Amino acid sequence: MCDKLKEVNGLTSEEILNKYWSVERNVYPIDIATILFKMGIRVYPYDFSKFDESDSQRKILGAMVANKKDIAFLYRQGESLNRNRFTLAHELAHCCLAHLDEQTIPYVEYRHDGVVTDKCEIDANIFAGELLIPTKELRTILSNEYPNALPKVTKLAETFAVSVNVMAERLKYLKLPYIDECDRKIYCVE
Ligand SMILES: [Zn+2]
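About the thresholds
- Residues numbered from 1 in each chain as written.
- Predicted model: local features only at pLDDT ≥ 70, side-chain atom pairs only at ≥ 80, totals over all residues.
- Heavy atoms only, no water.
- Helix = DSSP H or I, 4+ residues; strand = E, 2+ residues; numbered from the N terminus.
- Expected span 1.5 Å × (residues − 1).
- Buried < 20%, exposed > 50% of the residue type's maximum accessible area, 1.4 Å probe, protein only.
- Donors = N, O, S within 2.8 Å, 3.2 Å for Na, K, Ca; no water.
- Tetrahedral: all angles 85-135°; square planar, octahedral: opposite > 155°, others 65-115°.
- Phe/Tyr/Trp six-rings, centres within 6.5 Å; stacked < 30°, edge-to-face > 60°.
- Lys NZ or Arg CZ within 6 Å of the ring centre and 35° of its normal.

(A) Summary view of helix 4 (residues 81-96). Between its first and last C-alpha, helix 4 extends 23 Å over 16 residues, near the 22 Å set by a 1.5 Å rise per residue. The buried count for helix 4 comes to 13 of 16 residues, which makes it a mostly enclosed element. A98 sits one or two positions beyond helix 4 and adopts a positive phi of about 55°.

Shown next as structure tokens:
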């Protein structure tokens, strides 16, 4: 197996943050590119649009290549910064959660619109959310900035440099109430 993959296999998002983002804890947005750099994983933009099929919504968001020693991530050129940050965190999640091996790399990540049902994809999304929106940092912001009010999902999304959708999913996962982009109060059931 690839040495780098072996090295990151089994790491949790908290372990990654404590090891590669320790000095900057409580600094956000979390700089996923710097974390990957420190982990020795190189990232490159790539023009995947040439592979888009005109009659399909199926688009490549990113890819992962590896040799005996190293892994590199490619992300889709032209996407928003937030989208690419999430793609990189999601690819790292697949590595840490041991979803990949020699047989599945090179790995191609397609856009999943609608409801995601694949267990690996759901778990990678949760992991990426934990990495980009760590519980500790999120709770600090909520208690410091919103002691007596519900947080606005749009404002939190801006703070953590993620999409509103990713932020809302993270709050729902943690069962934290918030105000959505239409100013509705969302209470997540315990
Ligand atoms: Zn994936």
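Anyway, onward from the coordinates.
(B) Highlighting the coordination of the zinc ion. Protein-derived coordination of the zinc ion comes from H90 (NE2), H94 (NE2), E109 (OE), E109 (OE), E121 (OE) and E121 (OE), at a distance range of 2.0 to 2.5 Å. Around the zinc ion, the six donor atoms sit at angles spanning 55 to 148°, and that spread fits a shape best called irregular. Each donor residue of the zinc ion lies on the same chain, and together they follow the pattern H-x3-H-x14-E-x11-E. Highlighted residues: H90 and H94, both in helix 4, separated by four residues, approximately one helical turn. Classification of H90 by relative accessible area gives buried; the value is 5%. Overall, H94 belongs to the buried group, its relative accessible area being 2%.

(C) Quick look at the packing of aromatic side chains. Applying the stated criterion to the full structure yields two aromatic pairs. A ring pair is formed by Y46 and F48, whose centres lie 4.9 Å apart and whose planes are at 55°; its orientation type is tilted. Directly above the ring of Y110 sits R58, whose terminal nitrogen or CZ lies 3.7 Å from the centroid.

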